[in-house]
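# Chain and residue survey
Next come the chains, spelled out residue by residue.
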Amino acid sequence: TQLFRNLHGKRFADLSTQAGPDLQRPIVGRGLAVGDFDNDGRMDALVVDSEGAPLLLHNETAPAGHWLSVKLEGTRSNRDGIGALVTATAAGLTQTRLCHTDGSFLSASDRRVHLGLGRASQVERLSIRWPSGHTDVWHDLRGDRQITLTEGSSTRAAGKVPSLRP
């Protein structure tokens with residue numbers, strides 16, 4: 001098992017030896033599921049060991065910034081929002097995430113869309129392009145929490161203040 005840190009999109013640093021004893025023992029790792037296991041805004045990983053118990057890599061690092069976790073509920077689209085494109089703008093930076101659970105052998109990752117906000121404490125604009133083709137837009141969403149957004153419930157779609165369930 002290896003752990004790498006992305007250095008500003010230019011290269012990766014191998015942090016495997018600094019990550020603790022669990023990464024030092026050899027395993028037959030075949031699958032990886034990623035998600036926020038303890039709902040603290042820091043992404044964790046679960047490695048599937050084909051010859052033993054799974055290995056939970058619990059992220060206990062100091063918080064690196066603000067975040068927002070978005071659970072999608074489709075109404076015309078599939079119930080889990082799989083395939084939706086989530087685009088968020090915070091502090092002038094825009095990021096786009098795909099709602100999915102795939103990515104590794106016989107593994108399913110958290111379906112919630114995780115947005116790292118850095119120093120921004122809120123998302124100024126968040127749009128979701130649902131698999132049905134419908135687009136919803138929300139504004140001024142406070143960070144450092146989990147929210148559920150339902151297809152067709154945004155101010156743009158419904159002409160009213162959206163319901164933001166935790």
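Below is a short write-up of the structure.

The rules behind these values
- Residues numbered from 1 in each chain as written.
- Predicted model: local features only at pLDDT ≥ 70, side-chain atom pairs only at ≥ 80, totals over all residues.
- Heavy atoms only, no water.
- Pairing = 2+ DSSP bridges.
- Helix = DSSP H or I, 4+ residues; strand = E, 2+ residues; numbered from the N terminus.
- Axes fitted to C-alpha atoms, helices over the stretch in contact; angles between N-to-C directions.
- Buried < 20%, exposed > 50% of the residue type's maximum accessible area, 1.4 Å probe, protein only.
- Polar contact = N/O pair within 3.5 Å; in protein donor to acceptor, adjacent residues only side chain to side chain.
- Contact = heavy atoms within 4.5 Å.
- Patch = residues over 30% accessible without salt bridge, like charges linked within 9 Å, V, L, I, M, F, W, Y side chains within 5 Å.
- Areas by Shrake-Rupley, 256 points an atom, 1.4 Å probe, with all protein chains shown as cover.
- Salt bridge = Lys/Arg side-chain N within 4 Å of Asp/Glu carboxyl O.

Here we take up the sheet that holds strand E8 (residues 93-98). The four strands are arranged E8-E7-E10-E11 in an open sheet whose pairing can be described as antiparallel. Both edges of this open sheet fall to E8 and strand E11 (135-142), since each of them pairs with a single strand only. Along the sheet, successive strands turn relative to each other by an average axial angle of 20°, direction set aside. Taken together, the six bridges between strand E7 (residues 85-90) and E8 define a ladder with antiparallel strand orientation. Residue Leu85 lies in a different strand from E8, and its bridge partner there is Leu98.

To continue, consider the environment of Gln146. Relative to the assigned elements, Gln146 resides in strand E12 (residues 145-150). Look at Gln146 and you get partly exposed, because its relative accessible area is 24%. In terms of polar contacts, Gln146 uses its side chain to reach the side chain of Arg112, at 2.5 Å.

Before going further, it helps to spend a moment on the sheet that holds E12. As a general point, the strands of a sheet are linked pairwise by backbone hydrogen bonds and lie either parallel or antiparallel. As summarised here, the arrangement of the three strands in space is E9-E6-E12, forming an open sheet in which the pairing is mixed. Both outer strands of the open sheet, strand E9 (113-118) and E12, are each paired with one neighbouring strand and no more. Within this sheet the neighbouring strands show an average axis-to-axis angle of 25°, counted without direction.

What follows is about the side chain of Ser153. Considering the arrangement of structural elements, one finds Ser153 in the loop between E12 and helix H1 (155-158). Polar side-chain contacts of Ser153 include one of 2.7 Å to the backbone oxygen of Thr150.

This part covers the environment of Trp67. As for its placement among the helices and strands, Trp67 is situated in strand E6 (residues 66-73). Contact partners of Trp67, with chain neighbours within four places excluded, come to Asn39, Asp40, Gly41, His114, Leu115, Leu117, Gly143, Asp144, Arg145 and Gln146.

In this section: the pairing of E7. Between E7 and E8, which pair antiparallel and follow one another directly, the connecting turn spans two residues, one of which, Ala91, has a positive phi of 55°. Bridge analysis of E7 against strand E10 (residues 122-129) gives five bridges, and the strand direction is antiparallel. Counted as the bridge partner of Leu85 is Arg129 from E10.

A cluster of nonpolar residues, Leu32, Val34 and Met43, forms a patch on the protein surface that exposes about 200 Å² of accessible area. Given a relative accessible area of 34%, Val34 falls into the partly exposed group.

Mapped onto the secondary structure, Arg112 falls in the loop between E8 and E9. Those residues in contact with Arg112 that sit more than four places away from it in its chain are Asp36, Asn39, Ser69, Val70, Lys71 and Gln146.

This part takes up unusual backbone geometry. Despite not being glycine, Asn39 has its phi angle at roughly 55°, a positive value. Inspection of the secondary structure puts Asn39 in the loop between strand E3 (29-35) and strand E4 (44-49). With a relative accessible area of 39%, Asn39 lands in the partly exposed category. Positive phi, close to 50°, is recorded for Leu106, a residue that is not glycine.

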